[in-house]
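# Architecture and fold: a report
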Amino acid sequence: MQVFKLYFKLLRSNKGILIMYFAIFLTVALVISNAQSVDGNNNQEAMKEEILTITIIDEDQKSFGNGLKEYFSSGNDIVDMEYDEQKILDKLYWRKLDYALVIPKGFEESLLDEDVKDMTLKCMKVPGYFDASFFESELSLYTSKLTSLLKAGYSVEDAQKQLLDLQDEQTKVELATFVNANQNDKSTTFLAYVPYLFITLGMNGIGLILLTFNAPLVRARMECSSTTMKTRIAGLVGGILLYGMLLMVTVIVVVAIVSKGRIFMDVRFPYFLINMFGMLLFSLSLGFFTGTIAKNQDAVNGLVNVLSIGLCFLGGVFVPYEFFGDAVLKVAKFVPTYWYAVTNTKIGAMTEMTSGLANDIFWQVGLVLGYALVIFSVTIVIIANRRKQTA
Amino acid sequence: MQQFGYSIKRSLRSIEGIFWALVFPLFLGLIFKFMFGNLGTYEQFSEVAVGVVEQTENDVFVEMLKEIEMEEDLHMFEVFEYENVDEAEKALQNETVYTYIVVDGDEFTLMIRKMDIYTSLVKSFVDQYKQNYTLIEEVAKKDPKQAVAFATNLFDSDSIGLEEIELKGQDKSPYTQYFYALLGMACLIASMYGLGHGMDLQADMTTIGARRNVAPTPKMQQFVTDFLASMTMYSVLMTIVLVAVVYVYGQDFGDNFGLVWLVTIVGTFTGLAGGYLIATWVKGPKGKKEAMCIAFFMVSSFLGGLQMAEMPYILEEKCPIINRINPATLLVNAYKSLAVFGDYQQYAVNVISLLVIGVLFMIFSVAKLRRTKYASI
């Protein structure tokens, strides 16, 4: 019990750094999950078409430009902008604008009068960018229909009105039965960042404390005390496990707040817990390893930052793994955070537990636990070797 | 000069200092290079995999789906035909296809996992197919003689030409942003150096500090030589990091390496000054001050877009003042203004802002150091 109590006393003395990492995590996770989540409480949100952000700069100021804006404003964001290359470039760079279309002066006249040389529309886009290609294909379909109608004797206004009316004819879209409409809700996106918290706080909260326990004089004093090795280890393991549980409870409380309590009624909740538990044990074993091999606080800080940021980037926590190329994906499969992220996505998208999904979750969480076991075993071997050397 | 030499020696012996300044940024850069090396291709167009289940045959539609091209020799869709809905559902679940279309004569239903740019493209195609037929019917109703000519025009006519306006600057990849943020963070990690040197000037923080406080050398002289030594040392390390990022990791920072280097050095100055500020103003043990330093460069880097490249843009919309005073964002914007815009005015604004922040940090640090007296240590 003494060792157990001491663990928490030491933890209290390091509360500054732990609170700091928790605050960093909370800021990162809340900001990113707010920016990336889709509130899919109903199918309508999940079924919304990809919205493109377009600016149409009309230098011609004729009916063609107005009709074009009206047509593409349905389902897209049309941004009003002046022709300012720098501003357009800045927005294109940040993907806040998918396409900038310029209708040059005299364009409509060239469209209607066969004697006037055909003019081209002008555009600014990021070369090869998918959203830009998508808009261009839409624009191409629109203009070929428009020119066909003009050839059939329609006026520009009538042809554009006809095309606008046609927009009501939409294809029926349904969400597949196996997909949860809440697959990208705030809880799922927030939980995707949990490895960052568990790894940073797991490594700090255990590493820094073990550093104190492993200090030569403290260790020597403990070795000659009446407390047996078994009691010491039990106290230490108890402290580590309780600390881990506190971390997990904290995350659950935050998720409950983020989801306004709905998470407790969610069919996915127990599976999220299982996945988190696997990652927690991995992080605790990483903390145990860090505390054993690090010589001082600077080494702990270094290891925490290298491993937490490295594992989170490579595992697809910060940048979604769907974006990874084949080579990166091959390497990511060796990283436990990748399996956490994959499992989290699968659980997020599930509507009910199937045997196939249960099998996937079992193996993927098992893999993370396997990593935890390997790291734990390696640490025990290091400790045993050290004891042999000092004996 | 002797003190300057000693300070350099102390810096060289600091393994953790070398780790934070050199190893950590190079390691992160290696990860970024590995990850983002191919990331741009994700956004390049490639055929969209789409499943088709024909409940009632519509060969014209399926053929059109197979044949339509995005550009010459690049089909818009890769079509997979399935016997029944169950097979198609399985393919959708296994992510073999982005979506599948249930064709029932002239009726189409799109089954999706989520609505994204790929499924939007498929939906748009099916919408256009239906709309074209409705359009032909409408024209035929109005003037039956025009119908055939209209249909021929509709499928054969060329669309209006598009001329692309070339963008200024060289770097068009949003992922280079991660390297800008990485260099920004590396500059601000100089605060760890500044912290160490700042504590070595205080008698109650380190033994070196206690020794130096009883030495006859004026405190201001100690401060200046220490600062110059750490600035020299860290500038060399940052130059190595910058050269590695530009030439080894092959990131495009624009043509003017001299200006890129200059902003890196100014960022280093601000980072170091930040470390001195924390060393002098934050009360408490070394561990607490180090934690503050890590929080300083990590939070600043996060706001500058290290973990999420869009962060500065979100802040620009919600709280732009942060982008004007956050050192990491100023550094990122300075790099961006050179590489993307070639805009020297914006570059100068960012560099001067960074310099002003650094000078303010220094003034506050010196003011605090000068006032500190030790009755007893």
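Residues numbered from 1 in each chain as written. Chains lettered and ligands numbered in written order. Predicted model: local features only at pLDDT ≥ 70, side-chain atom pairs only at ≥ 80, totals over all residues. Heavy atoms only, no water.

A few words now on the pairing of strand 5 (residues 99-104) of chain B. Moving residue by residue along a regular strand, the side chains alternate between the two faces of the sheet. Residues and elements named next belong to chain B. Within strand 5, five of the six residues are buried, leaving the element largely enclosed by the surrounding structure. Inspection of the sheet shows strand 1 (residues 48-56) paired to strand 5 by six bridges, in the parallel sense. In the sheet register, Val-52 faces strand 5, and the bridge partner there is Ile-101. Note: strand 5 against strand 6 (residues 107-112), six bridges, orientation antiparallel. Within the sheet, the bridge partner assigned to Val-103 lies in strand 6 and is Phe-108. In textbook terms, the turn of a hairpin is the stretch between consecutive antiparallel strands, and for strand 5 and strand 6 this stretch comprises two residues, one of which, Gly-105, has a positive phi near 65°. (Buried < 20%, exposed > 50% of the residue type's maximum accessible area, 1.4 Å probe, protein only. Helix = DSSP H or I, 4+ residues; strand = E, 2+ residues; numbered from the N terminus. Pairing = 2+ DSSP bridges.)

It is worth spelling out the domain arrangement of chain A at this point. According to the domain assignment, chain A contains domain 1 (2-42 + 179-390) and domain 2 (48-166). Spacing between the C-alpha centres of domain 1 of chain A and domain 2 of chain A amounts to 50 Å. (Domains from an automatic or database assignment.)

We now examine the nonpolar core. Counting 168 residues, the largest nonpolar core has Tyr-7 and Phe-313 of chain A together with Phe-297 of chain B as the members making the most contacts within it. The element best represented in this core is helix 10 (residues 194-213) of chain A, accounting for 13 residues. Counting 75 residues, the second-largest nonpolar core is a separate cluster that includes Leu-52 and Ile-56 of chain A together with Phe-77 and Ile-160 of chain B. (Core = buried A, V, L, I, M, F, W, Y, C linked by side-chain atoms within 4.5 Å.)

Moving on to helix 15 (residues 327-341) of chain B. Residues and elements named next belong to chain B. Between the first and last C-alpha of helix 15 there are 20 Å, a value that for 15 residues agrees with the 21 Å anticipated at 1.5 Å per step. In terms of burial, helix 15 is largely enclosed, as 15 of its 15 residues are buried. Of the residues flanking the end of helix 15, it is Gly-342, one or two places downstream, whose phi is positive at about 65°. (Expected span 1.5 Å × (residues − 1).)

Here strand 1 of chain B pairs with strand 4 (residues 77-82) of chain B via six bridges, running parallel. Paired with Val-48 of chain B across the strands is Phe-77 of chain B, a residue of strand 4 of chain B.

What follows deals with the packing of helix 8 (residues 190-199) of chain B against helix 12 (residues 286-303) of chain B. Residue and element names in this part refer to chain B. In contact at an axis separation of 9 Å, helix 8 and helix 12 are set at 155° when each is read in the N-to-C sense. With respect to helix 12, the element helix 8 is oriented roughly antiparallel. Handedness of the helix 8/helix 12 crossing: right-handed. Contacts between helix 8 and helix 12 involve Ser-191, Met-192, Leu-195 and Met-199 from the first element and Lys-286, Lys-289, Glu-290, Cys-293, Ile-294, Phe-296 and Phe-297 from the second. Residues belonging to the contact of helix 8 with helix 12 are distributed by class as follows: seven nonpolar, one polar and three charged. (Axes fitted to C-alpha atoms, helices over the stretch in contact; angles between N-to-C directions. Parallel < 35°, antiparallel > 145°, perpendicular 65-115°, else oblique. Left-handed = near helix turned anticlockwise from the far one by under 90°. Contact = heavy atoms within 4.5 Å. Nonpolar A, V, L, I, M, F, W, Y, C, P; charged D, E, K, R; others polar.)

Assigned domains of chain B: these are domain 1 (2-37 + 175-371) and domain 2 (45-156). Centre-to-centre separation of domain 1 of chain B and domain 2 of chain B, based on C-alpha positions: 55 Å.

The next subject is the packing of aromatic side chains. If you walk through the whole model with that rule in mind, you get 38 aromatic pairs over all chains. With a centroid separation of 4.7 Å and an interplanar angle of 50°, the aromatic rings of Tyr-99 of chain A and Phe-135 of chain A are classed as tilted. One end of the pair, Tyr-99 of chain A, is in strand 3 (residues 99-103); the other, Phe-135 of chain A, is in helix 7 (residues 130-151), with 36 residues separating them in the sequence. Across this residue pair, the class does not change: Tyr-99 of chain A and Phe-135 of chain A are buried. Centroid distance Phe-296 of chain B to Phe-361 of chain B: 6.5 Å. Interplanar angle 75°. Geometry classified as edge-to-face. Of this pair, Phe-296 of chain B sits in helix 12 while Phe-361 of chain B sits in helix 16 (residues 344-371); the two residues are 65 residues apart in sequence, bridging distant segments of the chain. One aromatic cluster in this structure is built from Tyr-196, Phe-313 and Phe-318 of chain A together with Phe-32, Tyr-178, Phe-179 and Tyr-249 of chain B. The positively charged end of Lys-368 of chain B is found above the aromatic ring belonging to Trp-281 of chain B, 5.0 Å away from the centroid. (Phe/Tyr/Trp six-rings, centres within 6.5 Å; stacked < 30°, edge-to-face > 60°. Lys NZ or Arg CZ within 6 Å of the ring centre and 35° of its normal.)

So, on to the side chain of Asn-344 of chain A. Residue and element names in this part refer to chain A. Looking at the element boundaries, Asn-344 is found in helix 16 (residues 336-349). Note on Asn-344: relative accessible area 2%, which makes it buried. Ignoring anything within four residues of it in the chain, the contact list for Asn-344 reads Thr-188, Leu-191, Ala-192, Phe-272 and Asn-275.

Enumeration according to the criterion identifies twelve salt bridges over all chains in this entry. A salt bridge links Lys-161 of chain A to Asp-165 of chain A, with the nearest nitrogen and oxygen atoms 3.2 Å apart. Within this pair, Lys-161 of chain A and its partner Asp-165 of chain A are both found in helix 8 (residues 156-166), separated by four residues, close to a single helical turn. Relative accessible area serves as the criterion here: at 41%, Asp-165 of chain A is assigned to the partly exposed category. Between Asp-360 of chain A and Lys-346 of chain A there is a salt bridge, and its shortest N-O distance comes to 2.9 Å. In this pair, Asp-360 of chain A sits in helix 17 (residues 355-390) while Lys-346 of chain A sits in helix 16, placing the two residues 14 residues apart along the sequence. Taken together, the shared-partner salt bridges in this structure form one network comprising Lys-125 and Glu-136 of chain A together with Glu-164 of chain B. (Salt bridge = Lys/Arg side-chain N within 4 Å of Asp/Glu carboxyl O.)

Below, the discussion takes up the interface of chain A and chain B. Of the residues lining the interface, 97 residues belong to chain A; the matching set on chain B comes to 96 residues. Both sides together, the interface formed by chain A and chain B hides about 9,000 Å², and carbon and sulfur atoms give 66% of it. Across the chain A-chain B interface, the total number found is one salt bridge. A salt bridge links Glu-164 of chain B to Lys-125 of chain A, with the shortest nitrogen-to-oxygen separation between them at 4.0 Å. If you look at where chain A meets chain B, you find 18 residue pairs in polar contact (both at pLDDT 80 or more). For the side of chain A that touches chain B, the element with the highest residue contribution is helix 7 of chain A, accounting for 17 residues. Looking at side-chain class alone, the side of chain A that touches chain B contains 55 nonpolar, 22 polar and 20 charged residues. Bridge analysis of strand 5 (residues 172-175) of chain A against strand 6 of chain B gives four bridges, and the strand direction is parallel. Looking across to strand 6 of chain B, one finds that Glu-174 of chain A is bridged to Met-111 of chain B. (Buried area = accessible area lost by both parts, 1.4 Å probe. Polar contact = N/O pair within 3.5 Å; in protein donor to acceptor, adjacent residues only side chain to side chain.)

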